[in-house]
Amino acid sequence: MTDIDWDALRRVAIEATTRAYVPYSHYPVGAAALATDGRVVAGCNVENAGYGVTLCAECGLVSDLVYSGGGQLVAFLCVNKDGETIMPCGRCRQLLFEHAAPGMLLETVSGVRTIDEVLPDAFGPRDLEQVR
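Presented here is an overview of the structure given in this document. (Residues numbered from 1 in each chain as written. Predicted model: local features only at pLDDT ≥ 70, side-chain atom pairs only at ≥ 80, totals over all residues. Heavy atoms only, no water.)

Structural notes on the overall build of the chain
Note the following rule: The helix count covers DSSP runs of H or I at least four residues long, the strand count covers runs of E at least two residues long, and both are numbered beginning at the N terminus. All radius of gyration figures rest on C-alpha atoms, and the globule criterion is 2.2 Å times the number of residues raised to 0.38.
Looking only at helices and strands, one finds 5 helices and 5 strands in the chain. Going from N to C terminus, the chain has its helices and strands arranged as α-β-β-α-β-α-β-β-α-α. For 132 residues, the compact-globule estimate of 2.2 N^0.38 gives 14 Å, and the C-alpha radius of gyration of the chain, at 14 Å, lies within 12% of that figure. Viewed in the frame of its principal axes, the chain has a C-alpha envelope of about 45 × 35 × 30 Å.

Side note on the pattern of salt bridges
Stated precisely, the cut-off is as follows: Just to be clear on terms, a salt bridge is a Lys or Arg side-chain nitrogen sitting within 4 Å of an Asp or Glu carboxyl oxygen. Residue exposure (1.4 Å probe, protein chains only): buried if accessible area is under 20% of the type maximum, exposed if over 50%, otherwise partly exposed.
Evaluated as defined, the whole model comprises 4 salt bridges. Arg-10 serves as the salt-bridge partner of Glu-107, at 2.0 Å between the closest nitrogen and oxygen. Residue Glu-107 is found in strand β4 (residues 100-108), and its partner Arg-10 is found in helix α1 (residues 6-17); the two are separated by 97 residues along the sequence. There is no split in this pair, since Glu-107 and Arg-10 are both buried.

Notes on the pairing of β4
One face of the sheet, then the other: side chains in a regular strand alternate in exactly this way. The condition that has to hold: Should DSSP find at least two bridges between two strands, the strands are taken to pair. Handedness of a crossover is defined as follows: with both strands directed away from the viewer, a clockwise route from the first strand across the helix to the second makes it right-handed.
Relative to β4, strand β3 (residues 73-80) is paired through 3 bridges, and the arrangement is parallel. Residue pairing in the sheet places Phe-76 in a bridge with Leu-106 of β4. As for the winding sense of the linkage, the β-α-β connection from β3 through helix α3 (residues 90-98) to β4 is right-handed. With 4 bridges connecting them, β4 and strand β5 (residues 111-114) associate as antiparallel partners. Pairing of Leu-105 across the sheet is with Thr-114, part of β5.

Concerning α3
Which entries qualify depends on this criterion: The arc in question is traced by the directions running from the helix axis to the C-beta atoms. Between two residues, a contact is recorded if the distance between any of their heavy atoms is within 4.5 Å.
For α3, every residue scored as buried is listed here: Cys-92, Leu-96 and Phe-97. Taken around the axis of α3, the buried residues stretch over an arc of 145 degrees, which confines them to a single face. In this fold, the buried residues of α3 make contact with α2 (57-67), β3, β4, α4 (115-118) and α5 (125-130).

Here's the deal with the sheet that holds strand β2 (residues 40-44)
The condition is simple: Axis definition: a line fit to C-alpha positions, over the contact stretch in the case of helices; interaxial angles, taken between N-to-C directions, run 0 to 180 degrees.
The strand order β2-β1-β3-β4-β5 describes an open sheet built from 5 strands, whose pairing is mixed. At either margin of the open sheet sits one strand with a lone partner, and together these are β2 and β5. Ignoring strand direction, the axes of neighbouring strands in this sheet form an average angle of 20 degrees. As paired strands, strand β1 (residues 29-35) and β2 are joined by 5 bridges and run antiparallel to one another. Opposite Leu-34, over in β2, you have Val-40 as the bridge partner. Strands in contact with α1 are β1, β2, β3, β4 and β5; relative to β3, the strand with the most contacts, it is inclined by about 50 degrees. Across the sheet, α2 is in contact with β1, β2 and β3; its angle to β2 comes to roughly 145 degrees.

Put into structure tokens, the structure is as follows:
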């Protein structure tokens, strides 16, 4: 799947920011991704007074992926309320890696990159299989 409609993904991600629950930071984040079967999945951040319990938009997106039928992610982007591309944190890159199709593309602040470029030498399921 080489034709990625980044504008369509951005529109979904921007819509997701309007559903974010951000009473503390007031920084809504929306994420959207294309799955291997053509579905678009989305997520928004959900804050919590116990900050460590806060869920990033990427967490909601992966939950949407799994709940709506599974599969793998082909293309991903994350935006703030102004529709500007923002970069997933390291924890979220790891989360995305677990559900990424090989060579998954991410729109980043420095252009489109692969998951391997934004999380080089990632730890994943293959590492666990090697010790079984």
